[in-house]
Amino acid sequence: MTDTTPDNYWQGFAQRWNRLGSPLRPCAEDVANFRKAMGDDPGRCLLLGVTPELADLSPTLTAIDNSAAMIAALWHGRQRAILGDWLEMPFAPASFDTVIGDGCLVLLAQPMQHQRFFERLAKIVAPGGRILLRVFVGPEQPETREEVCRDALAGKMRSVHAFKWRLSMAVASEAPDRTLAVAETAATFDRLIPDRKQLAAATGWRADEIETIDFYRGSDARYCYPTLSQVRNSIPASLKETSVIYGSYELAGRCPILVLEPRA
Ligand SMILES: C[S@@+](CC[C@H](N)C(=O)[O-])C[C@H]1O[C@@H](n2cnc3c(N)ncnc32)[C@H](O)[C@@H]1O
């Protein structure tokens, strides 16, 4: 039997990190956009997760992640990392001037956990501080699994990682809570694109790149892709949205950085 406890899921994920790419992993443009929006003096900074690409954005950074395996595999003692849950963070109110995170909402159920997450962030960010989160949002007008696979087979997608993300979003859009079991992405792929050689010929993707879709197989992890309006509905009145920053890479329109500030 496959062990799919969260830690084992992330352990596998950590080992495969280098085989993954944008949009799941933030690209150089995302990092530059974070840096610009954080300004010259981000102050006391909290990173939600142990995303290595974001580790150098502040010299005084604390990371918090609930997977010891991810911390061990990706953090390498860079700065302070705490094992803990974003929904139960052990920090005093107003402990941080800047809070950053990459894709955190995808791992939390909406609307309840998203609301709780934002409420926790509102408490720990100091007055005058800022929260920057790259969010993975599904399109307001959902597309079908079939449309996504048709586009891939027509050679209309540049990256296999963007394809996996689009396919997952199409599956998630079928549920009212916009959540899917990630194993369903692999099962859908098997059913709609049974011939990997055909896909490779149409796209130019290497077999080992296409194989990254197999990482989802046997997992009981769930991903959530709310629309941007659904995300906004989970943000408490104590926070205000000050900007939404978009990159220019494939699927960047679905991966903006949301900038929030506490209301005075
Ligand atoms: C930030 S995310 C999303 C993927 C992403 N782009 C990244 O940079 O890793 C992945 C991390 O979130 C962590 N995580 C998931 N749910 C969590 C929670 N409730 N509290 C703390 N960490 C959590 C996982 O252990 C994993 O290391």
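Residues numbered from 1 in each chain as written. Predicted model: local features only at pLDDT ≥ 70, side-chain atom pairs only at ≥ 80, totals over all residues.

Whenever I open this one, the overall build of the chain confuses me. Can you help?
Of regular secondary structure, the chain possesses 10 helices and nine strands. In terms of overall dimensions, the chain is globule-like: its C-alpha atoms have a radius of gyration of 18 Å, near the 18 Å expected for 264 residues. Counting the 264 residues in the chain, one finds 38% classified as buried. Long-range contacts, defined as pairs at least 24 residues apart, comprise 71% of the intrachain contacts of the chain with a sequence gap of at least 6. (Helix = DSSP H or I, 4+ residues; strand = E, 2+ residues; numbered from the N terminus. Rg over C-alpha atoms; globule rule 2.2 N^0.38 Å. Buried ≥ 20, exposed ≤ 12 C-beta atoms within 10 Å, placed from the backbone. Contact = placed C-beta atoms within 7 Å.)

Hey, could you run me through the site of the ligand in this one?
Close to the ligand lie 17 residues; Gly 49, Thr 51, Asn 66, Ser 67 and Met 70 are nearest. For the shell around the ligand, a count of residues per class yields nine nonpolar, five polar and three charged. (Near = placed C-beta within 6 Å. Nonpolar A, V, L, I, M, F, W, Y, C, P; charged D, E, K, R; others polar.)

Is there a simple way to explain unusual backbone geometry in this structure?
Cis geometry is found at the peptide bond from Ser 22 to Pro 23, where omega equals 15°. Note that the residue after Gln 110, namely Pro 111, is joined by a cis bond; omega there is 5°. Turning to its location among the elements, Pro 111 is positioned in the loop between strand S4 (96-102) and helix H4 (112-124). In this model, Ala 94 sits at a positive phi of 60°, which is unusual for a non-glycine residue.

So what exactly am I meant to see when it comes to the packing of helix H6 (residues 160-172) against helix H7 (residues 183-192) here?
When two helices pack together, their arrangement is given by the angle between their axes and by how far apart the axes lie. Two elements in contact, H6 and H7, have axes whose closest approach is 9 Å; the angle formed by their N-to-C orientations is 105°. The orientation of H6 relative to H7 falls into the category roughly perpendicular. Residue-level inspection shows Lys 164, Leu 167, Ser 168 and Val 171 of H6 in contact with H7, the latter providing Glu 184, Thr 185, Thr 188 and Phe 189. Here the contact of H6 with H7 is composed, by residue class, of three nonpolar, three polar and two charged. (Axes fitted to C-alpha atoms, helices over the stretch in contact; angles between N-to-C directions. Parallel < 35°, antiparallel > 145°, perpendicular 65-115°, else oblique.)

Where do I start with the sheet that holds strand S1 (residues 45-48) in this structure?
Paired through backbone hydrogen bonds, the strands of a sheet run either parallel or antiparallel to each other. Across the sheet, which stays open at both edges, the seven strands sit in the order S3-S2-S1-S4-S5-S9-S8 with mixed pairing between neighbours. Strands with a single pairing partner mark the edges of an open sheet, and in this sheet they are strand S3 (80-83) and strand S8 (239-245). Pairwise comparison of adjacent strand axes, ignoring direction, gives a mean angle of 20° for this sheet. Both strand S5 (residues 125-134) and strand S9 (residues 257-262) contribute to a ladder of four bridges, which runs antiparallel. If you follow Leu 133 over to S9, its bridge partner there is Leu 258. (Pairing = 2+ DSSP bridges.)

Sorry if this is basic, but what is going on with the domain arrangement of the chain here?
Put simply, an interface is often sized by how much accessible area is lost when its parts join up. We note that the domain assignment places domain 1 (6-137 + 226-262) and domain 2 (145-221) within the chain. Inter-centroid distance (C-alpha atoms) of domain 1 to domain 2 is 25 Å. Taken residue by residue, the interface counts 16 residues in domain 1 and 14 residues in domain 2. It is helix H1 (residues 6-16) that provides the largest number of residues to the side of domain 1 that touches domain 2, a total of three residues. Split by residue class, the side of domain 1 that touches domain 2 holds seven nonpolar, five polar and four charged. (Domains from an automatic or database assignment.)

Is there a simple way to explain the nonpolar core in this structure?
Looking at soluble globular proteins, one finds that nonpolar side chains tend to be buried together. Ranked by size, the top nonpolar core spans 64 residues in total, and within it Leu 47, Val 99 and Tyr 225 carry the most contacts. Of the residues forming this core, the biggest block, nine residues, is contributed by H6. Taken domain by domain, this core gets at least three of its residues from each of domain 1 (6-137 + 226-262) and domain 2 (145-221). Other than its neighbours up to four places away in sequence, Leu 47 contacts Leu 54, Leu 61, Ala 63, Ile 100 and Gly 101. (Core = buried A, V, L, I, M, F, W, Y, C linked by C-beta atoms within 7 Å.)

Sorry if this is basic, but what is going on with the pairing of S1 here?
Regular strands show a simple pattern: their side chains alternate between the two faces of the sheet. The two faces of S1 match: Cys 45 and Leu 47 on one face and Leu 46 and Leu 48 on the other face are all buried. As paired strands, S1 and strand S2 (residues 61-65) are joined by four bridges and run parallel to one another. Looking at the pairing, Leu 47 lines up with Ala 63 of S2. Where S1 lies against S4, four bridges are found, and the strand directions are parallel. Bridge pairing links Leu 47 to Ile 100 in S4.

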